[in-house]
Amino acid sequence: MLNSTLQSLSILALHGPNLNLLGQREPGIYGALTLAEINRLLEEEGFKIQAKVFSVQSNHEGILVDTIHAALGQHHGILINAGAYTHTSVALRDAIAAVNLPTVEVHLSNIYRREDFRHHSYIAPVAIGQISGFGAQSYLLGLQALVNHLRSI
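Residues numbered from 1 in each chain as written. Predicted model: local features only at pLDDT ≥ 70, side-chain atom pairs only at ≥ 80, totals over all residues. Heavy atoms only, no water.

Side note on the packing of aromatic side chains
Under the definition given, this model contains zero aromatic pairs. Across from the ring centre of Phe54, 5.4 Å away, lies the NZ or CZ of Lys52, which sits over that ring. (Phe/Tyr/Trp six-rings, centres within 6.5 Å; stacked < 30°, edge-to-face > 60°. Lys NZ or Arg CZ within 6 Å of the ring centre and 35° of its normal.)

The following block contains the structure:
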């Protein structure tokens with residue numbers, strides 16, 4: 001098991017379906033930054049707060065589940081934007097619960113100001129917190145919150 005008192009923390013940033021299309025997919029909702037740009041911002045912020053960020057994106061639920069399972073013993077916490085799987089995937093919820101790593105759920109848009117089906121999150125009950133509606137800043141705020149939490153335990 002990893003020691004959370006280590007100087008540099010290891011964080012898995014997990015991006016779900018369609019996030020590979022950021023920058024071109026509905027920029028009015030999701031912003032103009034690409035996923036590569038968001039990952040770069042996460043790495044830069046991680047460096048400032050002594051956390052190494054490892055980013056993975058998949059459009060496939062099983063790959064996301066496998067990645068969460070593999071995080072056990074490899075990472076101190078998970079930052080996740082499960083995309084549409086937020087609202088549909090019991091499997092992702094169960095994987096997060098199973099590995100029991102502190103997890104912060106993030107969303108670019110405010111899911112509570114969108115369609116009703118987006119108001120429910122299967123991830124939220126097993127996450128330590130949720131940040132939505134601040135565009136790419138949601139990721140950075142989520143990373144900061146996760147690292148602060150990990151340093152406090």
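Still more ground to cover, so stick around.
Quick notes on the UniProt feature "site: Transition state stabilizer" (unreviewed entry) in the protein
Sites flagged by UniProt as "site: Transition state stabilizer" (unreviewed entry) map to Arg25. Checked against the element boundaries, Arg25 lands in the loop between β1 (9-15) and α1 (27-30). Not counting residues up to four positions away in its chain, the partners in contact with Arg25 are Asn18 and Tyr30. (UniProt positions renumbered as here; feature names shortened; annotations may be inferred. Helix = DSSP H or I, 4+ residues; strand = E, 2+ residues; numbered from the N terminus. Contact = heavy atoms within 4.5 Å.)

A word on helix α5 (residues 136-152)
Look at α5: 25 Å from first C-alpha to last across 17 residues, which is about the 24 Å you get at 1.5 Å a residue. Residues Ala136, Ser138, Tyr139, Leu140, Gly142, Leu143, Leu146, Val147 and Leu150 constitute the buried set of α5. Contacts made by the buried residues of α5 are with β1, α2 (35-48), β2 (51-57), β3 (77-81), β4 (103-107) and β5 (129-132). (Expected span 1.5 Å × (residues − 1). Buried < 20%, exposed > 50% of the residue type's maximum accessible area, 1.4 Å probe, protein only.)

Structural notes on the packing of α2 against α5
One way to put it is that α2 packs onto α5 with a least axis distance of 10 Å and a crossing angle of 30°. Here α2 is positioned roughly parallel relative to α5, judged by the angle of their axes. Note on packing geometry: the crossing formed by α2 with α5 is right-handed. Seen from α2, the contacting residues are Ile38, Leu41, Leu42, Glu45 and Gly46; seen from α5, they are Ala136, Tyr139, Leu140, Leu143 and Gln144. (Axes fitted to C-alpha atoms, helices over the stretch in contact; angles between N-to-C directions. Parallel < 35°, antiparallel > 145°, perpendicular 65-115°, else oblique. Left-handed = near helix turned anticlockwise from the far one by under 90°.)

Quick look at the side chain of Ser109
Position of Ser109 relative to the elements: it lies in the loop between β4 and β5. Leave out the neighbours within four places in its chain, and Ser109 touches Ile29, Tyr30, Arg114, Ser132 and Gly133.

Notes on the UniProt feature "active site" (unreviewed entry) in the protein
When the UniProt feature table is mapped onto this chain numbering, "active site" (unreviewed entry) sits at Tyr30 and His107. For the annotated residues, spread through 78 residues, the largest C-alpha to C-alpha distance comes to 9.0 Å, consistent with a single compact locus. From the set just named, the residues that line the largest pocket comprise Tyr30 and His107. Not counting the four nearest positions on each side in its chain, Tyr30 is found in contact with Leu22, Arg25, Leu108, Ser109, Arg114 and Arg118. Of note is the side chain of Tyr30, whose polar atom sits 3.2 Å from the side chain of Arg25. Accessibility expressed as a relative area gives 5% for His107, which makes it buried. Once you skip the residues sitting within four places of it in the chain, His107 turns out to touch Asn81, Thr86, Gln130, Ile131, Ser132, Gly133, Phe134, Gly135 and Ser138. (1 Å grid on protein atoms, 1.4 Å probe; cavity = no way out; pocket = protein on both sides within 12 Å on 5 of 7 lines; lining within 4 Å. Polar contact = N/O pair within 3.5 Å; in protein donor to acceptor, adjacent residues only side chain to side chain.)

Quick word on the sheet that holds β1
Pairing is parallel across the open sheet formed by five strands, whose spatial order is β2-β1-β3-β4-β5. In this open sheet, the two strands that pair with only one neighbour each are β2 and β5. When the angles between neighbouring strand axes are averaged without regard to direction, this sheet yields 20°. As paired strands, β4 and β5 are joined by four bridges and run parallel to one another. (Pairing = 2+ DSSP bridges.)

Some details on the environment of Phe134
Position of Phe134 among the secondary structure elements: in the loop between β5 and α5. Put simply, Phe134 and Tyr30 are 104 residues apart on the chain and 9.6 Å apart in space, counted from C-alpha to C-alpha. Setting aside its immediate chain neighbours within four residues, Phe134 contacts His107, Leu108 and Leu141.

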